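Overview (structure and organization)
Each chain, letter by letter, is given below.
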Amino acid sequence: MSRTTACAPNSEWTDPDCPVARTLDLVGDRWSLLVVRDAMDGARSFTEFQRRTGIARNILTDRLRKLTAHGLLAQRTAPSGRRREYVLTDAGHDLFAVILTLRQWGERHAYGPGETHSTLVDQHGAPVPDVAPAGADGAVLGAATTRVQKSR
């Protein structure tokens, strides 16, 4: 599904002019991001998503339909030829930085000192470095150094 189709005008957008609000309308609930997270980690079948997340069948069915309808997941025939499976589209893969940033925020703020948690590592087994947005001049950006420029 193209970007235009996935983000076509919708009278139910929370704030149609805000990319943050529109993104949250698409993937802002807990279950959608956990499904995307697990798809990034190799889950493909309904059963795998349900086992990994513990999500109720009716909610999982709804989230898989929504993520597929908005072009974040696609269905294809599994290699066995007997079932359908879900795979991330390019738009779904583009959520990696969002998932990574949420993970890193959680590592800093959702755990007590010394509390154990999983770690994301690169292909060499090294922990993934913290993500920090930078401006054109290389300076680290934050809320105090950026502003929203309205398009109208």
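Throughout, residues of each chain are indexed from 1 in the direction in which the sequence is written. Where totals are concerned, whole chains, interfaces and linings use all residues; where local detail is concerned, this predicted model gives features only for residues with pLDDT of at least 70, and gives and counts side-chain atom pairs only at 80 or more. By convention in this description, side-chain values take in all heavy atoms of the structure and omit both hydrogens and water.

Describing the nonpolar core
Applied cut-off: Buried Ala, Val, Leu, Ile, Met, Phe, Trp, Tyr and Cys residues form a nonpolar core when they are joined through side-chain atoms within 4.5 Å. Exposure is judged per residue with a 1.4 Å probe applied to protein chains only, and the accessible area is read against the type maximum: over 50% gives exposed, under 20% gives buried, and values in between give partly exposed. A run of DSSP states H or I qualifies as a helix once it reaches four residues; a run of E qualifies as a strand once it reaches two. Both are numbered from the N-terminal end. Contacts between residues were defined by any pair of non-hydrogen atoms, one from each residue, lying within 4.5 Å.
If you look at the biggest cluster of nonpolar residues, it comprises 20 residues, and the most contacted ones within it are Val27, Val35, Phe49, Leu60, Leu64, Leu67 and Leu73. At the level of secondary structure, the elements contributing two or more residues to this core comprise helix H2 (19–27), helix H3 (30–40), helix H5 (57–69) and strand E2 (84–88). A per-element tally of this core places H3 first, with five residues. Beyond its immediate sequence surroundings of up to four residues, Val35 is in contact with Phe49, Leu60, Leu64, Leu67 and Leu73.

Observations concerning the side chain of Thr89
Its place among the elements puts Thr89 in the loop between E2 and helix H6 (90–93). In this structure Thr89 comes out as buried when scored by relative accessible area, which is 17%. Those residues in contact with Thr89, other than ones at most four positions away along the chain, are Gly71, Leu72, Leu73 and Ala74.

A short note on the packing of aromatic side chains
Stated precisely, the cut-off is as follows: A pair of Phe, Tyr and Trp rings is counted when the ring centres sit within 6.5 Å of each other, with Trp represented by its six-membered ring. The angle between the planes then sorts it: under 30 degrees is stacked, over 60 is edge-to-face, the rest tilted.
One pass over the structure, following the stated rule, counts one aromatic pair. When the ring of Phe49 is compared with that of Tyr86, the centres are 6.3 Å apart and the planes differ by 70 degrees; the resulting orientation is edge-to-face. Placement of the pair is Phe49 in helix H4 (residues 46–53) and Tyr86 in strand E2, with a sequence separation of 37 residues. A relative accessible area of 0% places Phe49 in the buried class.

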